[in-house]
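# Understanding the architecture of this molecule
Okay, here's what each chain looks like letter by letter:
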Amino acid sequence: MAINASDNFFIKAKPVWAKGLETEKNITLGLYKKIFCKGENAVLKIAASGFYKAYLNGEFFYFGPARCAHGYYRVDEIRLPLKNGVNHIAIETVNYYVNSFYALMQKGFIEAELTLNGDPVAFTHESGENAFRFYRLCERIRKVQRYSYQRLFAEAYSLTEEYCGWRTGKISENASARQPVITESKNLLSRRIPLNEFTPVFPDRKAGFGTVKIGVKPEKYKKDRSLIYIKNPESGNLEGFFENELLEHLSDEAQEMPTETLNTEKADYSGKTVLKPYEFEILEFPCEKTGFITADIKCRTDSTVFFLFDEILTDKGDIDPLRLECCNVIKISLKPGEYHFMSAEPYGLKYIKLLCAGGGAEVDGLCITQTVCPVPITFDYKSDDEEINKILDAARETFIQNSFDLFTDCPTRERAGWLCDSFFLGRAEKLYTGENLIERNFLENFLLRDNYENIPSGMLPMCYPADVDGNGFIPNWAMWFILELKDFKERTDDGDFILRFKNKVYRLLEWFKQYENADGLLERLPGWVFIEWSKANDFVQDINFPSNMLYSYTLCAAGELFGDGDLLQKAEKLKTVIRNRSFDGEFFRDNEVYKNGAAVSTENRTETCQYYAFFTGVATKELYPELWQRLVNEFGPDRVKNGGYPEIYPSNAFIGNFLRLELLCNNGCCAELLKEIKGYFLYMADITGTLWEHKDTCASCNHGFASYVANLIQKSELSLKP
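Notes on the structure follow. (Residues numbered from 1 in each chain as written. Predicted model: local features only at pLDDT ≥ 70, side-chain atom pairs only at ≥ 80, totals over all residues. Heavy atoms only, no water.)

What the six strands build is an open sheet, ordered β5-β4-β7-β2-β10-β12; its pairing is antiparallel. The sheet is open, and its two edges are formed by β5 (59–64) and β12 (175–177), each paired on a single side. Between one strand and the next, the sheet's axes are offset by a mean angle of 25°, whatever the strand orientation. Pairing of strand β2 (residues 27–37) with strand β10 (residues 133–137) involves four bridges; the strand directions are antiparallel. Each residue of the ladder has a partner; that of Leu 29, found in β10, is Arg 136. (Pairing = 2+ DSSP bridges. Helix = DSSP H or I, 4+ residues; strand = E, 2+ residues; numbered from the N terminus. Axes fitted to C-alpha atoms, helices over the stretch in contact; angles between N-to-C directions.)

This paragraph deals with empty space enclosed by the protein. According to the stated counting rule, one finds eight cavities of 30 Å³ or more in the structure shown. Put simply, the largest cavity is a space of about 210 Å³. Every residue lining the largest cavity is counted, 17 residues in all, and those nearest its centre are Lys 53, Glu 92, Tyr 157, Met 342 and Ala 344. Within the residue set of the lining of the largest cavity, elements represented by two or more residues are β4 (51–56), β7 (85–95) and β23 (337–342). In terms of residue class, the lining of the largest cavity is made up of ten nonpolar, two polar and five charged. At three residues, strand β6 (residues 72–80) tops the list of elements feeding residues into the lining of the second largest cavity. Of the residues assigned to the lining of the second largest cavity, the class counts are twelve nonpolar, three polar and two charged. (1 Å grid on protein atoms, 1.4 Å probe; cavity = no way out; pocket = protein on both sides within 12 Å on 5 of 7 lines; lining within 4 Å. Points joined across faces, edges and corners; volume = space filled by probe spheres on them. Nonpolar A, V, L, I, M, F, W, Y, C, P; charged D, E, K, R; others polar.)

Of all hydrophobic cores here, the largest spans 137 residues; its most connected members are Trp 477, Trp 480, Phe 512, Ile 677 and Phe 681. Per-element accounting of this core gives the leading share, ten residues, to helix α9 (residues 545–562). Beyond its immediate chain neighbours, meaning those up to four positions away, Trp 477 contacts Trp 418, Leu 419, Cys 420, Asp 421, Met 462, Phe 530, Ile 531 and Phe 654. Listed in part, the 65 residues of the second largest apolar core include Ala 18, Ile 46, Ala 103 and Cys 327. (Core = buried A, V, L, I, M, F, W, Y, C linked by side-chain atoms within 4.5 Å. Buried < 20%, exposed > 50% of the residue type's maximum accessible area, 1.4 Å probe, protein only. Contact = heavy atoms within 4.5 Å.)

Secondary-structure assignment places Ile 141 in the loop between β10 and β11 (155–159). Residue Ile 141 is classed as buried on the basis of its relative accessible area, which comes to 14%. With 458 residues separating them along the chain, Ile 141 and Ala 599 place their C-alpha atoms 56 Å apart. With residues up to four places along the chain from it excluded, the contact list for Ile 141 reads Asn 26, Ala 156, Tyr 157, Ser 158, Leu 247 and Glu 248.

Summed over the entire model, instances satisfying the criterion amount to 53 salt bridges. Here Arg 225 makes a salt bridge to Glu 325, at a shortest N to O gap of 3.9 Å. One end of the pair, Arg 225, is in helix α1 (residues 225–228); the other, Glu 325, is in the loop between β21 (303–310) and β22 (329–334), with 100 residues separating them in the sequence. The class for Arg 225 is partly exposed, based on a relative accessible area of 31%. Where Asp 318 meets Lys 353, a salt bridge forms, and the shortest distance between an N and an O atom there is 2.9 Å. In this pair, Asp 318 is assigned in the loop between β21 and β22 and Lys 353 in strand β24 (residues 347–358), connecting sequence segments 35 residues apart. Each member of the pair Asp 318 and Lys 353 is classed as buried. Shared partners join several salt bridges into a network, and the residues in it are Arg 427, Glu 439, Asp 487, Arg 491 and Glu 662. (Salt bridge = Lys/Arg side-chain N within 4 Å of Asp/Glu carboxyl O.)

Tracing the chain through its elements places Lys 575 in helix α10 (residues 565–582). Setting aside chain neighbours within four positions, we find Lys 575 in contact with Ser 552, Thr 616, Gly 617 and Val 618.

Strand order in the open sheet made by the three strands is β26-β27-β28, with antiparallel pairing throughout. Among the strands making up the open sheet, the edge pair consists of β26 (543–544) and β28 (598–601). In the sheet, β26 pairs with strand β27 (residues 591–595) via two bridges, with the strands oriented antiparallel. Within β27, the position partnered with Asn 544 by the bridge is Asn 591.

With that out of the way, let us pick up helix α15 (residues 709–720). Residues spaced three or four apart along an α-helix point in a common direction, a consequence of the helix completing one turn every 3.6 residues. With twelve residues, α15 should cover 16 Å at 1.5 Å per step; its first-to-last C-alpha distance of 17 Å lies within 8% of that length. Within α15, burial applies to Val 709, Ala 710, Asn 711, Leu 712, Ile 713, Ser 716 and Glu 717. Along its buried surface, α15 packs onto α3 (386–401), α4 (421–433), α13 (653–666) and α14 (670–687). (Expected span 1.5 Å × (residues − 1).)

A ring pair, where both rings are aromatic, is described by two values, the distance of the centres and the angle of the planes. The full count for this structure, using the stated rule, is 62 aromatic pairs. Between Phe 60 and Phe 198 the ring centres are 5.2 Å apart and the planes differ by 80°, which places this aromatic pair in the edge-to-face class. One end of the pair, Phe 60, is in strand β5; the other, Phe 198, is in the loop between β14 (187–190) and β15 (200–201), with 138 residues separating them in the sequence. Residues Phe 63 and Phe 404 carry aromatic rings whose centres are separated by 6.0 Å and whose planes lie at 35° to one another, so their mutual orientation is tilted. One end of the pair, Phe 63, is in strand β5; the other, Phe 404, is in the loop between α3 and α4, and 341 residues separate them in sequence. For Phe 63, a relative accessible area of 3% corresponds to the buried category. Lying over the aromatic face of Phe 292, Lys 53 brings its terminal NZ or CZ to 4.5 Å of the ring centre. In this structure, Arg 151 is placed above the aromatic ring of Tyr 102, and the distance from its NZ or CZ to the ring centre is 5.0 Å. (Phe/Tyr/Trp six-rings, centres within 6.5 Å; stacked < 30°, edge-to-face > 60°. Lys NZ or Arg CZ within 6 Å of the ring centre and 35° of its normal.)

To continue, consider the state of the cysteines. In total, this model carries zero disulfides according to the counting rule given. Cys 164 provides the cysteine sulfur closest to Cys 138, a residue in no disulfide bond, and the two sulfurs are 15 Å apart. For Cys 138, a relative accessible area of 40% gives the class partly exposed. (Disulfide = S-S within 2.5 Å.)

Given below as structure tokens:
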């Protein structure tokens, strides 16, 4: 489905890649051109299958592009402040060519063109006086393990002092000239959102220092699924390098460097770290930040430096770089010299451990070159309550770090564009920016593709753009997609945009229809039936009532969006069925299971099921006044600690607690809401300065959906003011 796609963004540039490397994994290329400028207006346009960094006169200038759907590519148009005289234009691009939640597995290409006053003076082509020079870059070691199951490759380097000389026309042995070949023409789209800015943030405290032992083999190595699932059809056929192919095995090496001594006394950080062999320092940022790890490194002998990082410290005050089933390890092997290093990928972290495994090194000016929301933040609301302000600050950080080019769940293990998360992030974007530019791109990515590999026709992927390993759909998240469309229309009043989704919505509803039983209830849904990260997810079959509650709400939303009375009538009928089958006189039960061919009620009851009932309109405080009062007065962040209703399994942050807060807000319980927000989020803001995926640190400590708490805070506080 071509939607305003074009190949006319470029005048002379062609999409090219290094000959023979279009489908090779983890390939990094360099493009270079020397330009003479007399004050002309310079614009650099770039589209790419993977990611790129643009450099001007040897200095990092931009990272992109904005991700898009299969077969479509967004074009960045970057104004370059060229100086009069000679300028060096360099582009470093990487195509990973593996499946992931984060980026698409597509053949490598880059298309780039520099214009001066509208005239092309440098462009990608097979040959010619104005063609960019093409290099294969090898200082980043190619055959390394994946960073995580969801993301791409980890990072290891072998550097000599002249490794980046190619960016200013000085070619090193690590940059070998290659012949580019023209690939097929591309469907190109406008970026549409503003260009990003890349501001540095520096650590302000030293959180510890000490020594390690080297080469100590543990009794058992920790190996996550990103290592053991490679090309294993039984587990989904994840792409990557086999363990016996790895030139650097970073997670193993990190486990072979146990801490020997550790001093956790806090101190202000001077900005410079000097390390002898086997020494380390742990540095702390003001809160969790996201971006490229950047530093100046100096060494007088052959040296090996590690950057180990995470969102939190261990109970002992150290860093576990494998905590999140991520390889938060960057290894840099250096010849004597001075280096300006920047990681290839952005990462989320609050703590970083600078470790010297051999030789000696000075690390100066370490910072995170931030990758955050490109749309200006206009939301400046402040509370009279300083604890609430601390949560608002954490919500803001969470939002900007999860909206770099599209909505993401977290900036750490996945950087993936998940449905359901996006429902809440869309509301947050409107609050923070006054617009929904990022959400429009996010939704359009789903519109651009009709069918997806490994996903049933009519169904949507759970996150996108992505090539998910295996059966990558959550039927519940597809329902949230329709709810988000309705929400988007109400926030933007853009009915024309929503009408473009009509066929996709009806195809989706047709897919669900095949799983309806005689009473209209969905049963035995395939895929990953997901309610939330709690016991509620153990009760998703055979007939799951939270799923059916959401289905009734989805039918209603679709009916209202497209003026379909039949869908509205079907939704009301389904609500009645759910009330009769799920409510046991005290609480709503989560599911029924089939026994001897008949659906039988279970005794499974979760807190989250109750919130789904009220959120979707299956229950109202008028229909179920006793249950409503019980939930308001006897549930909340302290319910489990106080021993209330132990037979009702508690909710987690995503999404049960948020549904609770939404209900309190919409029903005028604003004072209670603000009190509970402190109970749910203040400790998160204190620990990382961001808001988490779970109630504890077992998962991401920076999850985009949670920024929606700022909407609830503002709405509640304003309603309480006279």
